[in-house]
Every structure is written in structure tokens, then in C-alpha cells.
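Spelled out from the first residue to the last, the chains are:
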Amino acid sequence: MDVSYGIDLAGYSTGKTRIARLQKDANGSDVHASLLTSGALLKKRDGNHKYFQTIIQEELDELVGFLKEGSIYVDIPVDLQQLGRWRAFENLWEQTNRPIDYALNAMPPLADRIGSPVARFQTILAYGRTLGGAYDISKLVGKTIFETYPAASLKFSNIKAQGYKNSTAIWQDGAWVIKSITKENEPSQQAFSRILKWLCCEAVSEGFELTNDDLDAIIAALPGIVPAQCLIGNQELEDIIRRHLEEKQTTTQQSLLPNGFAIIKHQPFSRITVNRG
């Protein structure tokens, strides 16, 4: 597809969700990234909100709208496999991790900071199933809805990105000026700069600010528009997971891959221009 939505999903109370809409140009070498500034998923919500079903309906409607235009790649676990279900676990780690989480040192879906957005997305999928028809978007997981992991895309693209979340970037005089969010942090600034260089990223307007959450949303959307050879295939990813589990001296009888998982190993575009709108 030529249009892909990357969603860096956060919990309701933080208001930190970011959504990037990526579209390839006619020649396929340049990409326009638009960071959305409004929408149901971006709204900060009070935990005491009394119209919960209305909120879920708004968010579901928004996702259905995205799917009419392209594919969705969300930066949280989607297919939870055996998590939350009874089975005879071989390992204690399987209570809170899927094989891919444990192998790649990702955050446990049900036992860490991502628990809130995981629950949020699962609720949307479950509500859609009760409505059926076009609203049952759970049927599209692995087809036009995918889980992705920007940190893994960076890792397998050989980008040293550790610590980049402590910086932000401002477009000034045709170049990015990297700044630390809190105290001066040169390694973080260098990591942020490496990612921007890898993305061949430019801003449309002077003074444009790009946060680490914006960056995650852009990277999340990339698997939806890159050529197939730029993706890590399922067999290759299974081999990676199996190797990492062996290094940790553990095995599992579970399926190594969740349904609908996509990360990249190469960024092929000459330029990604970014704005808000």
C-alpha cells in the first residue's frame, strides 16, 4: 500500500499518543509524513470519564477510517497469544511475556508500562467484535493491522539508538538541532541524530519540533510502505527469536511469532519530509 498509519499508542491519561500518516510519492523514493494533530486516539482522557463506550466507538470509527485509506501499524502487542489464559507453562517468563518479547528484551505486555495501551487496544478490538461487520477489525490483524516495534527496526537496521528518547529535534536553517529534554545528554543527542540521518528526514517548515514519540510513530508506519525485501521475513524472525532463546538457555512450545508482526531491516527512501496536519 502507498499509505500507512503508524500509531505510538499511550494510555488515556498521558495524552502522549502520536499518529503518523506516511504516503509514498509517485516515484516511490520520497515519503511525506504527516503527524496528526487531532482525532479520537490523540485525546487525553480523564480516568473518571462516564461515557466509556462512546470513547471506544470514536476510536474504533477512527481506525476504520484509517483502514479505508491504508494499513495500520501499532507500537504495542496486538496478538497476545497465550497471555492471560490458563495453560501448563514451561517457564515462569511465559506468564507475562510472549516468546518474541522475551527474546528481544521488549517490555512484558501485561506487566510493565505498556499494560495500559495494550488494554486500550484490546478493548477496541473486543468492542468491534461485538458490533461485527466492518467494525470487527480484529479479523484484519495480520492483513492490514500489524504490531510493530520501532526499537527492533532500528536494531536490525544497525542503528545505534540507545537513549534517543531523552532528546528532541528542531528544524533550523535546513538542518536538525538536537536538544536534550532534561540535562545535557550528548549520547542521547547523537542517537537521535543517527535516527534522523537514517530516515533522511527533513521538516517542511522552519522551527518544526520533532519529539521521540513523533519519531516512534514515523518508524512504526514504515513497514507498511517499504518493499518486501526491506522487511524481516517470518522465517528470518523465527530464527532470530529461536537463537535468542537458546542464548538465554530456554525453550518454549508456543508459536514463536504472534500473528501480524512487522519490522524492517532497511530504510530505502531518499527523503522523508515531515509536517503536522
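Below you will find a few notes about this structure. What you see is a predicted model, and the numbers here were worked out from it, not measured in a lab. (Residues numbered from 1 in each chain as written. Predicted model: local features only at pLDDT ≥ 70, side-chain atom pairs only at ≥ 80, totals over all residues. Heavy atoms only, no water.)

Before going further, it helps to examine unusual backbone geometry. Of note, the phi angle at Gln-81 is positive, near 55 degrees, even though the residue is not glycine. One can find Gln-81 in the loop between strand 4 (71-74) and helix 2 (99-103). On the accessibility criterion, Gln-81 (10% relative accessible area) is buried. The residue Asn-105 is not glycine, and still its phi comes out positive at about 60 degrees. Locating Asn-105 in the fold gives a position in the loop between helix 2 and helix 3 (115-131). (Helix = DSSP H or I, 4+ residues; strand = E, 2+ residues; numbered from the N terminus. Buried < 20%, exposed > 50% of the residue type's maximum accessible area, 1.4 Å probe, protein only.)

Our focus in this paragraph is the sheet that holds strand 7 (residues 175-180). Taken in spatial order, the 3 strands make up an open sheet running 7-6-9, and their pairing is antiparallel. For this open sheet the edge positions go to strand 7 and strand 9 (209-210), each flanked by a neighbour on one side alone. Inspection of the sheet shows strand 6 (residues 167-172) paired to strand 9 by 2 bridges, in the antiparallel sense. The residue bridging Ile-170 from the neighbouring strand is Glu-209, located in strand 9. (Pairing = 2+ DSSP bridges.)

As for its placement among the helices and strands, Phe-208 is situated in the loop between strand 8 (201-203) and strand 9. On the basis of relative accessibility, which here comes to 6%, the residue Phe-208 falls in the buried class. As a C-alpha pair, Phe-208 and Ile-76 span 132 residues in sequence and 27 Å in three-dimensional space. Ignoring sequence-local partners within four residues, the contact set of Phe-208 consists of Leu-35, Ala-169, Ile-170, Trp-171, Trp-176, Ala-203, Val-274, Asn-275 and Arg-276. (Contact = heavy atoms within 4.5 Å.)

Evaluated as defined, the whole model comprises 4 aromatic pairs. Between Tyr-5 and Phe-66 the ring centres are 4.1 Å apart and the planes differ by 10 degrees, which places this aromatic pair in the stacked class. With a gap of 61 residues between them, Tyr-5 in strand 1 (residues 3-8) and Phe-66 in helix 1 (residues 52-69) connect regions that are remote in the sequence. For Tyr-5, a relative accessible area of 5% gives the class buried. With a relative accessible area of 7%, Phe-66 lands in the buried category. Ring geometry for Trp-171 against Trp-176: centres 5.0 Å apart, planes inclined by 70 degrees, an arrangement best described as edge-to-face. The pair formed by Trp-171 and Trp-176 is uniform in burial state, with each residue classed as buried. Over the aromatic face of Tyr-12 sits the side chain of Arg-120, whose NZ or CZ is 4.2 Å from the ring centroid. (Phe/Tyr/Trp six-rings, centres within 6.5 Å; stacked < 30°, edge-to-face > 60°. Lys NZ or Arg CZ within 6 Å of the ring centre and 35° of its normal.)

The next thing to look at is the sheet that holds strand 10 (residues 271-276). Note on sheets: strands pair through backbone hydrogen bonds, and any given pair is parallel or antiparallel. What the 7 strands build is an open sheet, ordered 5-4-1-2-3-10-8; its pairing is mixed. Each end of this open sheet is capped by a strand with a single partner; those strands are strand 5 (145-147) and strand 8. Within the sheet, the average angular offset between the axes of one strand and its neighbour, ignoring direction, is 25 degrees. As judged from the 3 bridges shared by strand 8 and strand 10, these two strands associate in the parallel manner. By the bridge assignment for strand 10, Ala-203 is matched with Val-274. Taken strand by strand, helix 1 contacts strand 1, strand 2 (18-24), strand 4 and strand 5, and its axis lies near 150 degrees from that of strand 1. (Axes fitted to C-alpha atoms, helices over the stretch in contact; angles between N-to-C directions.)

A separate point is the pairing of strand 2. Within a regular strand, the side chains alternate between the two sheet faces. In this sheet, strand 2 lies alongside strand 1 in antiparallel orientation, the contact comprising 6 bridges. Counterpart to Tyr-5 in the pairing with strand 2 is Arg-21. The hairpin turn running from strand 2 into strand 3 (residues 30-35), its antiparallel successor, is 5 residues long, and Gly-28 in that turn takes a positive phi close to 80 degrees.

With that settled, consider the side chain of Ser-138. Within the secondary structure layout, Ser-138 lies in the loop between helix 3 and strand 5. Overall, the relative accessible area of 17% leaves Ser-138 in the buried class. Polar side-chain contacts of Ser-138 include one of 2.5 Å to the side chain of Asp-136. (Polar contact = N/O pair within 3.5 Å; in protein donor to acceptor, adjacent residues only side chain to side chain.)

A word on the pattern of salt bridges. Applying the stated criterion across every chain yields a total of 14 salt bridges. Between Lys-16 and Asp-213 there is a salt bridge, and its shortest N-O distance comes to 3.7 Å. Remark: Asp-213 occurs in helix 6 (residues 212-221) and Lys-16 occurs in the loop between strand 1 and strand 2; sequence separation between them is 197 residues. Residue class for Lys-16 comes out partly exposed when judged on its relative accessible area of 43%. Judged by relative accessible area, which is 12%, Asp-213 ranks as buried. Arg-21 serves as the salt-bridge partner of Glu-69, at 2.5 Å between the closest nitrogen and oxygen. (Salt bridge = Lys/Arg side-chain N within 4 Å of Asp/Glu carboxyl O.)

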